[in-house]
Amino acid sequence: MIAIIVNGKRQQVDVSSDTPLLWVLRENLGMTGTKFGCGIAQCGACTVHLDGEAVRACQTSVSSVAGKKVTTIEGLSADNSHPLQLAWIAEQVPQCGYCQCGQIMTAAALLTKHPNPTGDQIESAMVGNLCRCGMYQRIWHAIRRASASMKKGA
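What counts and how
- All residue numbers here refer to positions counted from 1 along the written sequence of the relevant chain.
- Only residues with pLDDT of at least 70 get local features here, since the model is predicted, and only at 80 or more are side-chain atom pairs given and counted; chain-wide, interface and lining totals rely on the full set of residues.
- With hydrogens and water excluded, all non-hydrogen atoms of the structure serve as input to the side-chain values.
- Think of it this way: DSSP has to see at least two bridges between two strands before they count as a pair.
- Strands are runs of DSSP state E lasting at least 2 residues, helices are runs of H or I lasting at least 4, and numbering of each runs from the N terminus.
- Note on geometry: axes are lines fitted to C-alpha atoms, helical ones only across the stretch in contact, with angles between N-to-C directions running from 0 to 180 degrees.
- Two residues qualify as a contact provided that any one of their heavy atoms is within 4.5 Å of a heavy atom in the partner residue.
- Under the rule applied, a polar contact is a pair of N or O atoms within 3.5 Å (in protein, one hydrogen donor and one hydrogen acceptor; residues adjacent in sequence only if both atoms are side-chain atoms).
- Definition used in this section: a nonpolar core is a set of buried Ala, Val, Leu, Ile, Met, Phe, Trp, Tyr and Cys residues joined via side-chain atoms within 4.5 Å.
- Only protein chains enter the accessibility calculation, which uses a 1.4 Å probe; a residue is then buried when its area is under 20% of its type maximum, exposed when over 50%, and partly exposed in between.

## Considering the sheet that holds strand E2 (residues 9-13)
Then comes step 1: The strand order across the open sheet formed by five strands is E2-E1-E5-E3-E4, and the pairing between neighbours is mixed. What marks the edges here is a single partner per strand, and that holds for E2 and strand E4 (53-56). Mean inter-strand twist for the sheet, computed between neighbouring axes without regard to direction, equals 40°.
Then comes step 2: Strand direction decides the pairing type here: strand E1 (residues 2-6) and E2, joined by five bridges, are antiparallel. Counterpart to Ile5 in the pairing with E2 is Arg10.
Then comes step 3: The sheet strands contacting helix H4 (residues 100-113) are strand E3 (47-50), E4 and strand E5 (69-71), and the helix crosses E3 at an angle near 35°.

Put into structure tokens, the structure is as follows:
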């Protein structure tokens, strides 16, 4: 048994220590917001937070997260009211929706580090997240909208 903390809850999972966190989240814990995209950490669909840092769950072994806090899209906001989630809707970012959870989790980590990010900071943070629908412009607008909203709420 491996003990992990996901979205603030201590979980016990009976899996091999080298099992990717992605599969533990999806198959053992039923948290399907984190998506499988490529399996080689190149698309960003599986992005979660590990102690606040954006990481690719497909290449993160479950044993490496023991004692650390894992946050998934399900844990970002209980009622989908996180400023990024609201900005995503306002900017009409979702198209097919497949990459959205990973995009939002990457953007959330960015805004934690840089509450008012520059264009270069947005580009640097988001470059590893692919969107097959090409909504990159809308994603940038949503990040800026969320940043502004978070400043007003502070």
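## Structural notes on the side chain of Gln85
Then comes step 1: Mapped onto the elements, Gln85 comes out in helix H3 (residues 83-90).
Then comes step 2: Here the side chain of Gln85 touches Asn80 through a polar contact of 3.5 Å, side chain to side chain.

## Section: the nonpolar core
Then comes step 1: Leu84, Trp88, Ile139 and Ile143 are the most contacted members of the largest nonpolar core, which totals 22 residues.
Then comes step 2: At the level of secondary structure, the elements contributing two or more residues to this core comprise helix H2 (73-76), H3, H4, helix H5 (119-126) and helix H6 (136-153).
Then comes step 3: For this core, the element with the highest residue contribution is H4, accounting for seven residues.
Then comes step 4: If sequence neighbours within four positions are ignored, Trp88 has contacts with Val93, Pro94, Gln100, Gln103, Ile104, Ala107, Ile139, Ala142 and Ile143.
Then comes step 5: Counting residues in hydrophobic clusters, the runner-up holds 20 residues, among them Val24, Leu29, Cys46 and Ala57.

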